[in-house]
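Single-letter residue listing:
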Amino acid sequence: MRRKLAAGNWKMNGTGAALAELEALAAAHPDPGCDIVICPPATLIHRASTATRGTAIAIGGQDCHAAASGAHTGDISAEMLSDAGATHVILGHSERRADHGETDEDVRAKARHAIDSGLTAIICVGESLAEREAANTLDIIGGQLAGSVPDLVTGETLVIAYEPIWAIGTGLTPTADQIGEVHAFIRARLERRFGAGVGRSVRILYGGSVKPSNAAEIFAVPDVDGALVGGASLHACDFSPIVSALE
Ligand code: PEP
């Protein structure tokens, strides 16, 4: 039985004042019926992990380098995230792939390093609108999974987030059938590659314009094990009902 996961991606939003949102979220869910991970900007990870100590909220990074240390100005390694209190890291988000030219190979190397450093890797895959309209969605997702997911993973160390690029921050969402088709496909690919045991234990999140008003409908889709939420994770008053819809 996979435990559901509500993950928040704050992207490049939040200064110290935003920590109050974490405190409010923790207070609203002292003993949640699902896992909760918030991924604030790197500058807040240490303070966020301190602020949530003893609560059910885990903290994650939004990216990491594939190397442990070295001459990589501006980058952060998985060890550094872990040292700052993170237990998870988002990798291969479409904004990283677009803004920083990250390839599947890059994502795979980062994920390998993150997992070997003790973090859970939340690897994002998703098609563009043009790819969906050309009926290439499953080919694209299959290629991203094969290229971005490293070998030797478990249900503890890997989470997949299906995030159609055209649904991120747009208010658009796929239909329940479209989400279900992709999640079933991802599940089948995971089982084929890693075997039924591991393949069935990896959680598959949906991401893209999840909000309180559509969360329950999305979470009712088979093989949706939770959500990766951007905009609606910034404020506890929005994220808390999404968490509740998962519990
Ligand atoms: C995201 O960036 O991972 C995301 C899903 O954003 P939003 O929820 O704002 O669409």
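Reading the values: rules and limits
Residues numbered from 1 in each chain as written. Predicted model: local features only at pLDDT ≥ 70, side-chain atom pairs only at ≥ 80, totals over all residues. Helix = DSSP H or I, 4+ residues; strand = E, 2+ residues; numbered from the N terminus. Buried ≥ 20, exposed ≤ 12 C-beta atoms within 10 Å, placed from the backbone. Contact = placed C-beta atoms within 7 Å. UniProt positions renumbered as here; feature names shortened; annotations may be inferred. Expected span 1.5 Å × (residues − 1). Pairing = 2+ DSSP bridges.

Draft legend 1. How the structure looks around the overall build of the chain. Each helix and strand in the chain was counted, giving ten helices and eight strands. The dimensions of the chain, computed from C-alpha atoms along their principal axes, are 45 × 45 × 35 Å. Taking all 247 residues of the chain together, the buried fraction comes to 47%. Long-range contacts, defined here as pairs at least 24 residues apart, represent 73% of the contacts in the chain between residues at least 6 apart.

Draft legend 2. Fine view of the UniProt feature "active site" (unreviewed entry) in the chain. What UniProt calls "active site" (unreviewed entry) maps, in this numbering, to His93 and Glu163. Taking the farthest pair of C-alpha atoms as the criterion, the annotated set spanning 71 residues converges on one region, since that pair is 8.3 Å apart. Relative to the helices and strands, His93 resides in the loop between strand S4 (88-91) and helix H4 (94-99). Those residues within four positions of His93 in sequence are excluded, and the remaining contacts are Gln62 and Cys124. Along the polypeptide, Glu163 turns up in the loop between strand S6 (158-162) and helix H8 (176-201). The class for Glu163 is buried, based on 26 C-beta atoms found within 10 Å.

Draft legend 3. Summary view of helix H7 (residues 137-148). Under the 1.5 Å per step criterion, the end-to-end length of H7 is 16 Å for twelve residues, consistent within 8% with the ideal 16 Å. Buried-residue contacts for H7 involve helix H5 (104-116), strand S5 (120-125), helix H6 (129-133) and H8.

Draft legend 4. Highlighting the pairing of S5. Summarising burial for S5: six of the six residues are buried, a large majority. Neither face of S5 is open: one carries Thr120, Ile122 and Cys124, the other Ala121, Ile123 and Val125, and all of them are buried. Pairing geometry for S4 and S5, over four bridges, is parallel. Within S5, the residue paired with Val89 across the bridge is Ala121. The pairing of S5 with S6 spans five bridges and is parallel. In the strand pairing of S6, Ile122 is matched with Val159.

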